[in-house]
Protein chains: 2
Amino acid sequence: MAGLTAPLLGLEKKSLREQALAALRTAITSGELEPGRHLVETELSEMLQISRGTLREALRQLEQEGLLSAGPRGRLSVRHLDEKEIRDIFAVRAALESLAARTLCELPDRQHVTQSLHKAIDAMSATADGTLEERIESDLEFHRTLCRLTGNETLLHSWQSLEGSIRMSIMFAGREKGVSNMSVDRHRDIVAAIDTGDAALVRKTILEHMDTAAATLVS
Amino acid sequence: MAGLTAPLLGLEKKSLREQALAALRTAITSGELEPGRHLVETELSEMLQISRGTLREALRQLEQEGLLSAGPRGRLSVRHLDEKEIRDIFAVRAALESLAARTLCELPDRQHVTQSLHKAIDAMSATADGTLEERIESDLEFHRTLCRLTGNETLLHSWQSLEGSIRMSIMFAGREKGVSNMSVDRHRDIVAAIDTGDAALVRKTILEHMDTAAATLVS
DNA sequence: CGACGTACGACTGTAAACAGTCGACTTACA
DNA sequence: TGTAAGTCGACTGTTTACAGTCGTACGTCG
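Criteria and thresholds
- Residues numbered from 1 in each chain as written.
- Chains lettered and ligands numbered in written order.
- Predicted model: local features only at pLDDT ≥ 70, side-chain atom pairs only at ≥ 80, totals over all residues.
- Heavy atoms only, no water.
- Least-squares fit on C-alpha atoms with pLDDT ≥ 70 in both.
- Contact = heavy atoms within 4.5 Å.
- Core = buried A, V, L, I, M, F, W, Y, C linked by side-chain atoms within 4.5 Å.
- Buried < 20%, exposed > 50% of the residue type's maximum accessible area, 1.4 Å probe, protein only.
- Near = heavy atom within 4 Å.
- Polar contact = N/O pair within 3.5 Å; in protein donor to acceptor, adjacent residues only side chain to side chain.
- Helix = DSSP H or I, 4+ residues; strand = E, 2+ residues; numbered from the N terminus.
- Nonpolar A, V, L, I, M, F, W, Y, C, P; charged D, E, K, R; others polar.
- Buried area = accessible area lost by both parts, 1.4 Å probe.
- Salt bridge = Lys/Arg side-chain N within 4 Å of Asp/Glu carboxyl O.
- Pairing = 2+ DSSP bridges.
- Axes fitted to C-alpha atoms, helices over the stretch in contact; angles between N-to-C directions.
- Parallel < 35°, antiparallel > 145°, perpendicular 65-115°, else oblique.
- Left-handed = near helix turned anticlockwise from the far one by under 90°.
- 1 Å grid on protein atoms, 1.4 Å probe; cavity = no way out; pocket = protein on both sides within 12 Å on 5 of 7 lines; lining within 4 Å.
- Points joined across faces, edges and corners; volume = space filled by probe spheres on them.
- Domains from an automatic or database assignment.

**Concerning the relation of the copies chain A and chain B**
Then, in step 1: The two copies are related by a screw motion: chain A maps onto chain B through a turn of 180° and a shift of 0.0 Å along the axis, at an RMSD of 0.0 Å. A rotation of that kind, with that shift, is consistent with a two-fold axis.
Then, in step 2: Of the interface residues in chain A, 100% have counterparts in chain B that sit at the interface too, so the contact is made through matching surfaces.

Okay, structure coming up:
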């Protein structure tokens, strides 16, 4: 019975709160709920067919993820990201992923690490001709894997807290700029650097990658 | 009428949710709610004299801050930190504060920055003979200020998301180890490094500071 | 004409009630 | 005696209802 993970676990029904959370995240990053838009609880709750109480729990979570900003009297609106904020987000992201990469260098079996990362890169190649959304997702998947492989749960959690903001940055700034910034080769460079085990090189590679990405979005 | 900020804003009553949040944070970090303890919503809500709905919103927030961990069926318990997790937390903290310090180096007016930081250090000196809690608070206040002064809201937010975990680490691991790790001098070194504007030096100083702190807690 | 007041509408804050699920304990039966 | 079915209690998930607050539009009085 061991090793039968995913398929059987399909029975576990996600709570409405989680479903609402996912739906709202998607709605926001897809632009269906445009930045600056005021969110009215009663409206949303009947759109999503859930009660306000349940909705509010999801909203709190989104608020803390930085996708929503609170105005006076608890008034929520979709966060608007200006160029400075995007730069700031990517600076934090760079710091986190830099830590991740450095940590991976010091791991005993880099074998498994680079193998997993190559798999993620292959997934990116597969979506290279897909929609913007698909390419963004596989790109983020790579970077999330980078953090997960460190085994540092706190690091992964911090990164995921930022993930929504990152996705928003790319989607909005990227729509006009015609982002092609998610090159597969760049990611191979990162893995190669990790493979060498040279922490300084890895750090440098990641920081450059982030700088490039951020510059593409705001320039 | 301009410039009359703080005193007049005293009227703003915090919502019950925020009060509950603060109360629970305190209860957890003070050890009143010991690690591993199961939290029962109905119990807490009547302890705090608030409804479950309001409480649940606060719990979601604490969950995301990493102070609570979710078991099966949404069962919440106070998170227990082992030594690896403490090291992981401090690694992320180091990455964030390293970014903060580096950013401060590149700021136009380091005058104002170092001035504010010296003020925070003075506050630390003032509580040097106080209780463990007081010293921890003034220590965290210094590091929070470090992040705030960068002007990078995302950085500050990420750091604050970690703050509860940091406080927990110090309180629990520190209780037995008799933490004296919050030396005022160490912090002066950091400010001095920032004052030089040498990013590499600053980074090194911060990382050493974090290493020392983490080592004190887990060794 | 302008300042003040007032009634109404729109939302959020908060509370209380209902429903479903899991575990523990008990009981019946082989 | 051991095992399976059944019942009870304890929680969480979710919904519905109520209260309070702020803005707005309109009306009144100076």
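**Some points on the nonpolar core**
Then, in step 1: With 126 residues, the main nonpolar core has Leu59(A), Phe90(A) and Phe90(B) as its most contacted residues.
Then, in step 2: When residues no more than four places from it in sequence are discounted, the contact partners of Leu59(A) are Leu24(A), Leu39(A), Glu41(A), Leu44(A), Leu68(A) and Leu76(A).

**Some thoughts on the protein's contact with DNA strand D**
Then, in step 1: Among the 19 residues in the neighbourhood of DNA strand D, the closest are listed as Leu16(A), Ser51(A), Arg73(A), Arg52(B) and Arg56(B).
Then, in step 2: Close to the protein, within 4 Å, the atoms of DNA strand D are drawn from sugar and phosphate at a rate of 67%.
Then, in step 3: One of the side-chain N or O atoms of Arg52(B) is found 2.9 Å from a base oxygen in DNA strand D.
Then, in step 4: Ranked by the residues each element gives to the surface near DNA strand D, the list is headed by helix α3 (residues 52-65) of chain B, at three residues.
Then, in step 5: Residue composition of the surface near DNA strand D, by class: four nonpolar, seven polar and eight charged.

**Describing the interface of chain A and chain B**
Then, in step 1: In this assembly, 25 residues from chain A lie in contact with 25 residues from chain B.
Then, in step 2: With both chains or domains summed, chain A and chain B bury close to 2400 Å², and 50% of this area falls on carbon and sulfur atoms.
Then, in step 3: Summed over the shared surface of chain A and chain B, the result is four salt bridges.
Then, in step 4: Between Arg60(B) and Glu57(A) there is a salt bridge, and its shortest N-O distance comes to 2.9 Å.
Then, in step 5: Counting every contact that joins chain A to chain B gives 10 residue pairs in polar contact (both at pLDDT 80 or more).

**A short note on the protein's contact with DNA strand C**
Then, in step 1: In the vicinity of DNA strand C there are 20 residues, among which Glu41(A), Arg56(A), Leu16(B), Ser51(B) and Arg73(B) approach most closely.
Then, in step 2: Of everything in DNA strand C that lies within 4 Å of the protein, sugar and phosphate atoms constitute 76%.
Then, in step 3: One of the backbone N or O atoms of Leu39(A) is found 3.2 Å from a phosphate oxygen in DNA strand C.
Then, in step 4: Between DNA strand C and the protein, one listed contact pairs a phosphate oxygen with a side-chain N or O atom of Arg56(A) at 2.6 Å.
Then, in step 5: A per-class count over the surface near DNA strand C returns four nonpolar, six polar and 10 charged.

**Some thoughts on the sheet that holds strand β2 (residues 68-70) of chain B**
Residues and elements named next belong to chain B.
Then, in step 1: In space, the three strands of this open sheet follow the order β1-β3-β2, with antiparallel pairing throughout. In this open sheet, the two strands that pair with only one neighbour each are β1 (38-39) and β2.
Then, in step 2: Looking at chain direction, β1 and strand β3 (residues 76-78) are connected through two bridges and run antiparallel. Bridge assignment links Leu39 to a residue of β3, and that residue is Leu76.
Then, in step 3: Seen against the sheet, α3 touches β2 and β3 and runs at an angle of roughly 95° to β2.

**Some remarks on the environment of Arg56(B)**
Residue and element names in this part refer to chain B.
Then, in step 1: Its location among the elements puts Arg56 in helix α3.
Then, in step 2: Given a relative accessible area of 22%, Arg56 falls into the partly exposed group.
Then, in step 3: Residues Arg56 and Leu44, 12 residues apart in the sequence, show an inter-C-alpha distance of 9.9 Å.

**Regarding the packing of helix α4 (residues 83-105) of chain B against helix α9 (residues 199-218) of chain B**
Residues and elements named next belong to chain B.
Then, in step 1: For the pair α4 and α9, the least separation of the axes is 9 Å and the interaxial angle reads 160°. One element, α4, and the other, α9, form an angle in the roughly antiparallel class. The two elements α4 and α9 cross, and the hand of that crossing is right-handed. Note on element contacts: α9 touches α4 through Ala199, Val202, Arg203, Ile206, Leu207, Met210, Ala213, Ala214, Leu217 and Val218, opposite Glu83, Ile86, Arg87, Phe90, Arg93, Ala94, Glu97, Ser98, Ala101, Arg102 and Cys105.
Then, in step 2: Looking at side-chain class alone, the contact of α4 with α9 contains 14 nonpolar, one polar and six charged residues.

**Description of the layout of surface pockets**
Then, in step 1: Put simply, the second largest pocket is a space of about 570 Å³.
Then, in step 2: Looking at the lining of the second largest pocket, the elements with two or more residues in it are α4 (83-105) and α9 (199-218) of chain A together with α4 and α9 of chain B.
Then, in step 3: With 10 residues, α4(B) is the largest single contributor of residues to the lining of the second largest pocket.
Then, in step 4: Split by residue class, the lining of the second largest pocket holds 13 nonpolar, six polar and nine charged.

**Overview of the domain arrangement of chain A**
All names here are of chain A.
Then, in step 1: Here chain A is partitioned into domain 1 (15-78) and domain 2 (83-218).
Then, in step 2: In this structure, domain 1 and domain 2 have C-alpha centres spaced 27 Å apart.
Then, in step 3: Contacts between the two partners involve nine residues from domain 1 and, on the opposite side, eight residues from domain 2.
Then, in step 4: For the pairing of domain 1 and domain 2, the buried interface totals around 690 Å² over both sides, and the portion due to carbon and sulfur atoms is 66%.
Then, in step 5: The interface formed by domain 1 and domain 2 holds zero salt bridges in total.
Then, in step 6: Summed over the shared surface of domain 1 and domain 2, the result is one residue pair in polar contact (both at pLDDT 80 or more).
Then, in step 7: Within the side of domain 1 that touches domain 2, the residues separate by chemical class into four nonpolar, four polar and one charged.

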